[in-house]
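Observations on chain architecture
What follows is each chain in one-letter form.
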There are 2 protein chains.
Amino acid sequence: MEGEPTLRLRIFNLNCWAIRYLSKRRQQRVRLIGDTLRQEGFDLVLLQEVWSEQDYSELKVKLAGCYPFSHYFRSGVIGSGLCVFSRFPILDTLLYQYSLNGYPYMLQHGDWFCGKSVGLVVMKISGIIFNVYVTHLHAEYCRDKDAYLPHRLVQAWELAQFIRNKVEEHWAGPSHSSWVPGRAGKDSHPCPHRHTSKAADVVLLGGDLNMHPEDVGIRLLRGWTGLQDAFAEAMHFEGCKNGCTLVPDNCFTDKSELLPFPLGIRIDYILYKAISSFTVKCEELKTTTGRAPGMDIPFSDHEAVMATLHIQRQGQPAGATLGTADPALADVVTEARTEVGAGLRAARRQRYSSGRMAVLALLLLLLQAAAALATLAGLGAEQPFPKLSFCLLAFLALGVLVLATGLHLFHTMEVKMLHGTEDQMWMVLRALQERPSEG
Amino acid sequence: MEGEPTLRLRIFNLNCWAIRYLSKRRQQRVRLIGDTLRQEGFDLVLLQEVWSEQDYSELKVKLAGCYPFSHYFRSGVIGSGLCVFSRFPILDTLLYQYSLNGYPYMLQHGDWFCGKSVGLVVMKISGIIFNVYVTHLHAEYCRDKDAYLPHRLVQAWELAQFIRNKVEEHWAGPSHSSWVPGRAGKDSHPCPHRHTSKAADVVLLGGDLNMHPEDVGIRLLRGWTGLQDAFAEAMHFEGCKNGCTLVPDNCFTDKSELLPFPLGIRIDYILYKAISSFTVKCEELKTTTGRAPGMDIPFSDHEAVMATLHIQRQGQPAGATLGTADPALADVVTEARTEVGAGLRAARRQRYSSGRMAVLALLLLLLQAAAALATLAGLGAEQPFPKLSFCLLAFLALGVLVLATGLHLFHTMEVKMLHGTEDQMWMVLRALQERPSEG
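Residues numbered from 1 in each chain as written. Chains lettered and ligands numbered in written order. Predicted model: local features only at pLDDT ≥ 70, side-chain atom pairs only at ≥ 80, totals over all residues. Heavy atoms only, no water.

The secondary structure content of chain A amounts to nine helices and 13 strands. Looking at chain A residue by residue over its 439 residues, the buried ones come to 57%. Partitioning the intrachain contacts of chain A with sequence separation of at least 6 by distance along the chain shows that 75% fall at a separation of at least 24. Accessible surface computed for chain A: about 17800 Å², of which carbon and sulfur atoms make up 58%. (Helix = DSSP H or I, 4+ residues; strand = E, 2+ residues; numbered from the N terminus. Buried < 20%, exposed > 50% of the residue type's maximum accessible area, 1.4 Å probe, protein only. Contact = heavy atoms within 4.5 Å. Areas by Shrake-Rupley, 256 points an atom, 1.4 Å probe, with all protein chains shown as cover.)

In structure tokens:
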């Protein structure tokens, strides 16, 4: 390969399912993952659900020789679970925590406590700047009646905006110059590569997106960022049928969840995009197939996704990867906006009912206070209620007041964020619709 | 000005102090702000503390003629309070909510409920791409014993990282190429402007940073991003002495807070930076001086900051504005890291004591449950406590348990974020220290 002007990059992505005390055979699997990573010598390893910093530290020690650079993203109560190991120096990192991520009172789901985020690491490999994103979106607990769909869509949207805004190639193009009622000054940029202005040369995204390939969130993310799916683009594929990453063959998967999908589902992805005068090709994509290679247990309840990418310089800037060129994008954004709107209405209803509950509890408390004062002042001939019931009722009302107020505040924030996302999507739709007439 | 290859941009920045029911003469002042903005015809207006969306809507209607483009950033329970009005189209927006922002139980301060954030709007004016940031950091309630300093430093750091990561000019430079143990491929980029790769041409930041010019947070932000201070750079200045924006002459300021600073303090800023082959100069900076021009009341308890910037293309990429060239930067990062470390230790103590309190409350509850069961089972000859006190105690324990658990979770998140920031700063320090030997 030496001497050829092509960079070959091997990437490993895995949701490790390493929840302390809960995940089965966690320590054994983390050791196994570490051993395999050391043997295989990937260039870049993107892991999710490494919830325990101790697991990360053990991996770090074990992998120090072949992956001297690494980063663990901390967030939420438990931690983001995201980490990166790399053969190449990590130059900078940034964590963006999604503004919506389930509900704190859904303890059995627990997503809220993880502070789901997207982590960015910036790397420079052979002079090429990579923006590498690792993320894990809110889980889907019930596909038929997915209460978290609006939250996951907000996350997919924020992820896309976060990636796009780091790139902004779209807005750097010449298509908008006619918009501007230039106050003064002339457009006379000296550089012919103006429309390739960018921060990164190549964008990579790996993670558990908790969305099937045809789901609106994936279409939104891909359409709005122009990211390509390594599975769809791979010249050679080896692994579970359809690239599935949650498969019935895996002994840790919940078989009842996979009943409607006998082959399994694909929710873990490696996506990529070349920004400027580069091309990225996926030479090979592999997944594990229900167990770790040569072992009797799998790495995790998810399958690992392994991609071999070829990154090559080319003379002409690649303009074809712009996601926004897709005429169907407006439809996807509209579809996503409809779902976010439905979530907004639900959140408003919850905000209203929690607020009403708080007001009722407050009224009850005030009534009791008045009754107690009246008794103390000797207005009532005798106490109308037994003391114990009276006190119990007051404490109950107080408890309801505190909880309902907390819920009201939470749903107010939820409404704000859903509303904000709906607005942003509307702005984008307007821009997309205005575009053709300006060509 | 027409015909000259210079863009002249007039920017208005103000913390509006528009808290419903609390801020004095709010409606009158918001009307006044709207009238002035319409009369003066700035190019770009950055506002903070517009807490009520209704105020924003009224301003939007009033300003539709001269500022046809605007955006309100929603976040937190109350809202970020941030909004932007512009003569030029807003192409894209992104909100980054700071990971730490005070404490929800500090109701009298209330910062937590605002979801303090930085808003980004992307604009293209005369072919020049602007990344415009508007923000408002956590307030300083007691300068001598500033409990919020670590949080404000985390915010300043995240703000700097957010701005930097949108730019990444730093990492795009040639200084790092020797770091990379290039696996394959050669560095043979065809574009001579390689080291100016970027997403924006010009970065603008306006807002109430709640830091004095010499504070470590400002030095960190400016040093790490290379942003220049419009006040320090202005060729012509007119306004309050030293550019102060909280002054005793303003009838709404709290005079006791300003006792140690008889001239006032400067906490509202307009900062800027040219990224690529552009130069930005501040022709003029003005502040209001305790009252709105020609009126008997001020716009707000803060003074407005108004800058006139000249943006000019130049043949040579400007490399001199790189903040990271400053050799004192490592000292500033070290200083900030020390403060964050102190905050981390305090957060760990609070996490520990709230956790201990929760455990004690749980133990008391269990003890009571055991006693109640024993009584029910007839083990005790008679009930040892009066029923009422027993119930009151149980409710008290339950209340303490819920509150202490909530606090424990909150401080766990705080520890995570402070720890993460400390880590990031350490990574940057290491990179800064390695730099000179690699030149």
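Residue and element names in this part refer to chain A. Turning to its location among the elements, E414 is positioned in helix α9 (residues 387-434). As a buried residue without a salt bridge, E414 has its nearest oppositely charged side chain in R351, at a separation of 8.9 Å. Setting aside anything within four residues of it in sequence, one finds E414 in contact with L100, Y103, H151, A347 and Q350. (Lys, Arg positive; Asp, Glu negative; His and termini not counted. Salt bridge = Lys/Arg side-chain N within 4 Å of Asp/Glu carboxyl O.)

Strand pairing in a sheet relies on backbone hydrogen bonds. The paired strands run either parallel or antiparallel. Residues and elements named next belong to chain B. Spatially, seven strands are ordered β3-β4-β2-β1-β13-β12-β10 in an open sheet, and the strand pairing comes out mixed. Both outer strands of the open sheet, β3 (69-72) and β10 (236-238), are each paired with one neighbouring strand and no more. Strand-to-strand twist in this sheet, taken as the mean axis angle between neighbours without regard to direction, amounts to 20°. (Pairing = 2+ DSSP bridges. Axes fitted to C-alpha atoms, helices over the stretch in contact; angles between N-to-C directions.)

On to the sheet that holds strand β11 (residues 268-274) of chain B. Residues and elements named next belong to chain B. Strand order in the open sheet formed by six strands is β5-β6-β7-β8-β11-β9, and the pairing between neighbours is mixed. Two strands close off the open sheet at either side, each with one partner strand: β5 (90-97) and β9 (228-229). Summarising the sheet, strand β6 (residues 117-125) and strand β7 (residues 128-136) pair through eight bridges and their orientation is antiparallel. Along β7, the bridge assignment pairs L120 with Y133. Helix α6 (residues 216-225) rests against β8 (202-208), β9 and β11 of the sheet, and its axis sits at about 15° to β11.

What follows is about the environment of A369 of chain A. Note that A369 of chain A resides in helix α8 (residues 329-376). A C-alpha to C-alpha distance of 8.8 Å links A369 of chain A and A394 of chain A, two positions 25 residues apart in sequence.

As a further point, take the packing of aromatic side chains. For the coordinates displayed, the defined rule picks out 32 aromatic pairs over all chains. Ring geometry for Y103 of chain B and Y105 of chain B: centres 5.4 Å apart, planes at 25°, overall stacked. What links up through ring pairs into an aromatic cluster is the set Y96, Y98, Y133 and F162 of chain A together with Y96, Y98, Y133 and F162 of chain B. In this structure, R164 of chain A packs its charged tip against the face of W224 of chain A, placed 3.6 Å from the ring centre. (Phe/Tyr/Trp six-rings, centres within 6.5 Å; stacked < 30°, edge-to-face > 60°. Lys NZ or Arg CZ within 6 Å of the ring centre and 35° of its normal.)

Residues and elements named next belong to chain B. The geometry of helix α8 (residues 329-376) relative to helix α9 (residues 387-434) is characterised by a closest axis approach of 6 Å and an angle of 160° between their N-to-C directions. One way to sum up the angle between α8 and α9 is to call them roughly antiparallel. Considering the relative orientation of α8 and α9, their crossing is left-handed. (Parallel < 35°, antiparallel > 145°, perpendicular 65-115°, else oblique. Left-handed = near helix turned anticlockwise from the far one by under 90°.)

This brings us to empty space enclosed by the protein. Per the counting criterion, the structure on display carries nine cavities of 30 Å³ or more. Put simply, the parts of the chain that give the lining of the second largest cavity at least two residues each are β5 (90-97) and α9 of chain A together with β3 and β5 of chain B. Split into classes, the residues belonging to the lining of the second largest cavity amount to seven nonpolar, seven polar and three charged. (1 Å grid on protein atoms, 1.4 Å probe; cavity = no way out; pocket = protein on both sides within 12 Å on 5 of 7 lines; lining within 4 Å. Points joined across faces, edges and corners; volume = space filled by probe spheres on them. Nonpolar A, V, L, I, M, F, W, Y, C, P; charged D, E, K, R; others polar.)

Before going further, it helps to examine the nonpolar core. Among the nonpolar cores identified, the biggest contains 160 residues, and F130, L204 and I311 of chain A together with F130, L204 and I311 of chain B are the most heavily contacted of them. Among all residues touching I311 of chain A, those that are not within four sequence positions of it are P5, T6, L7, L9, I128, F130, V202, F278, T279 and V280 of chain A. (Core = buried A, V, L, I, M, F, W, Y, C linked by side-chain atoms within 4.5 Å.)

Next up on the list: the pattern of salt bridges. Counted under the stated rule, the structure contains 30 salt bridges over all chains. Between E40 of chain A and R10 of chain A there is a salt bridge, and its shortest N-O distance comes to 3.2 Å. You can see E40 of chain A sitting in helix α1 (residues 26-40) and its partner R10 of chain A sitting in strand β1 (residues 6-18), a full 30 residues away along the chain. On the basis of relative accessibility, which here comes to 41%, the residue E40 of chain A falls in the partly exposed class. Take R10 of chain A: its relative accessible area is 18%, and that puts it in the buried class. Across the salt bridge formed by R74 of chain B and D423 of chain A, the nearest N and O atoms sit 3.0 Å from each other. Of the two residues, R74 of chain B sits in the loop between β3 and β4 (83-86) while D423 of chain A sits in helix α9, which places them in two different chains. On the basis of relative accessible area, D423 of chain A is assigned to the partly exposed category, the value being 30%. Among the charged side chains, a network of salt bridges with common partners joins D35, R38 and K62 of chain A.

Let us now look at α6 of chain B. Residue and element names in this part refer to chain B. Taken across its ten residues, α6 has eight buried, putting it largely inside the fold. Residues of α6 that are buried include every one of V216, G217, I218, L220, L221, G223, W224 and T225, and no others. Backbone geometry just downstream of α6 places G226 in the positive-phi region, at approximately 80°.

Turning our eyes to something else, we now look at a nonpolar patch on the surface. Residue and element names in this part refer to chain A. On the surface, M357, L364, L367, L393, L396 and V400 cluster together into a nonpolar patch covering about 510 Å² of accessible area. Where the nonpolar patch is concerned, the elements lending two or more residues are α8 and α9. Residue placement: L367 occurs in helix α8. By relative accessible area, L367 is classed as exposed at 59%. (Patch = residues over 30% accessible without salt bridge, like charges linked within 9 Å, V, L, I, M, F, W, Y side chains within 5 Å.)

Take the confidence of the model for chain A next. All names here are of chain A. Summarising the model, chain A shows a mean pLDDT of 84, and 86% of its residues fall at 70 or more. For residues 167-198, every residue scores under 50 in pLDDT, and the model assigns this stretch 100 contacts once sequence neighbours within four places are set aside. Segment residues 318-325: pLDDT under 50, and 20 contacts once partners within four positions in sequence are set aside and those in other chains are kept. (pLDDT = per-residue confidence, 0-100.)

Moving on: unusual backbone geometry. Residue and element names in this part refer to chain B. With a phi close to 70°, Y21 is a non-glycine residue in the positive phi region. A relative accessible area of 76% places Y21 in the exposed class. One non-glycine residue, E49, lies in positive phi territory at about 60°. Turning to its location among the elements, E49 is positioned in strand β2 (residues 44-50).

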